[in-house]
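Secondary and tertiary structure notes
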Amino acid sequence: MDFDLKEDHKALQSSVRSFVDREVKPLAAQIDEAHSIPQSLIDKMRRMGMLGSYLPEEYGGSGLDILSYAIVVEEVSKACASSGILISAHTSLACDPILSFGSPAQKEEHLPPLASGDKIGCILLTESEAGSDPAGLATTYRKDGGGYVINGSKIFITNGGYLGTGILFATGDRSLKHKGISAFIVDLSSPGVDVLRNESKLGIRGSYTTSFAIRDLHVPAESLLGEEGQGFKIAMETLNGGRIGVAAQALGIAEGAFERALAYSRQRKQFGRAISEFQAIQFKLADMYIGIETSRLLTYRAAWLKQAGRPYATESAMCKLHASETATYVTKEAIQIHGGYGYITEYEVERMFRDAKITEIYEGTSEVQRLVISRALLT
Ligand SMILES: Cc1cc2nc3c(=O)[nH]c(=O)nc-3n(C[C@H](O)[C@H](O)[C@H](O)COP(=O)(O)OP(=O)(O)OC[C@H]3O[C@@H](n4cnc5c(N)ncnc54)[C@H](O)[C@@H]3O)c2cc1C
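These numbers come from a predicted model, not from an experiment. (Residues numbered from 1 in each chain as written. Predicted model: local features only at pLDDT ≥ 70, side-chain atom pairs only at ≥ 80, totals over all residues. Heavy atoms only, no water.)

1. A few points about empty space enclosed by the protein
For the coordinates displayed, the defined rule picks out two cavities of 30 Å³ or more. Counted as a void, the largest cavity has a volume near 40 Å³. Together, A29, D32, E33, T345, E350, R351 and R354 line the largest cavity. Of the residues in the lining of the largest cavity, the class split is one nonpolar, one polar and five charged. The space that makes up the second largest cavity amounts to roughly 30 Å³. Surrounding the second largest cavity, S77, K78, A79, C80, A81, I253, R351, M352 and D355 form its lining. Residue assignment for the lining of the second largest cavity shows that the elements contributing at least two residues are helix 4 (66–79) and helix 10 (349–356). A class-by-class count of the residues in the lining of the second largest cavity yields five nonpolar, one polar and three charged. (1 Å grid on protein atoms, 1.4 Å probe; cavity = no way out; pocket = protein on both sides within 12 Å on 5 of 7 lines; lining within 4 Å. Points joined across faces, edges and corners; volume = space filled by probe spheres on them. Nonpolar A, V, L, I, M, F, W, Y, C, P; charged D, E, K, R; others polar. Helix = DSSP H or I, 4+ residues; strand = E, 2+ residues; numbered from the N terminus.)

2. Some details on the environment of Y343
Within the secondary structure, Y343 is located in the loop between helix 9 (313–338) and helix 10. Classification of Y343 as exposed rests on a relative accessible area of 68%. Residues Y343 and F353, spaced ten residues apart in sequence, show a C-alpha to C-alpha distance of 9.7 Å. Beyond its immediate stretch of four places on either side in the chain, Y343 contacts I335 and E350. (Buried < 20%, exposed > 50% of the residue type's maximum accessible area, 1.4 Å probe, protein only. Contact = heavy atoms within 4.5 Å.)

Purely spatial values, then, with no claim about function.
So this is what it looks like as structure tokens:
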């Protein structure tokens, strides 16, 4: 067993780290305030190959592995969680299902513009009455001539505002519940797709969270991803992979907050001593660090299992659950270590605390992760 990163992973980590220090960190506060990521930064991330990290080179990707992708999301999220989830949702939730379930023609058509970042990808699963229970979704499709017509609505879609390529889930027969669901690759700039709003949020404010109305959206037969009725399976497998990305995002947020808390504790003096000399602060730092290290081990292991083609659904639920709860805990303690300054926007832990919470909610809440893990234990 070898717990060290390989040389190529270390080299990637170091080059992404310097990119983030140079290009992302200085913009993080502005991204939060402006509720959007500058296109110039997205273009730089595209040029770094960050939007196609583990897509094969034949489709314009960087041809890296899943661990490399996790490292990229982690490093970017250390500075800016909004940029981290842009990469994660794009890669795991849009590129991956096409790579895993697409026909050769669908891969050739859709993956190159996604790998280059010319199109930003997203997944359209959640509806107002179908969140943790997506089998209850109400968006419908019916056959029409050679294609399909889709009607319904979708909410909370990360990256939706870019109007790029979406993996949309709809039912052909609600009475069949999850067996009636199919997945479609859709162009979100098509007539029939209307943006209702981009949500205002507690955290990850630079990330678009978009609601859509879908009215008589006509799609050709070739947009069906996989087979009819396979949509639920595609959604669940896609989310298994996505949870590695969210875990990496949460890990990065926690690391970013920890680095700042550690540095601050050394520098801040009260009662004539650095606060890092107080055991109460030392114990906080120790507990925060343990949470981060265990999150990293679980996340990298899930990435390694996915890469090896081995079952990893339980492991991805575990890393997502643990890393997200760690991010919430670590960012809260980072504020505490900063005292009053931690509550002030200028000290970035305030933003990180707000950013961390969502990692416990999207791509399956913590309660849903516990269901996934306990079911695996009991079957
Ligand atoms: C910022 C943001 C971005 C998002 N991005 C996307 C996206 O890109 N694409 C997309 O399709 N969706 C996206 N979502 C939706 C997200 O995945 C859902 O919000 C999430 O799965 C929870 O669904 P819900 O909000 O309907 O909550 P509900 O399902 O209504 O859950 C409410 C509460 O009940 C609990 N609960 C529900 N069922 C059970 C159960 N069986 N046992 C125990 N507890 C249970 C939940 O854990 C939660 O605490 C996003 C959401 C947000 C806020």
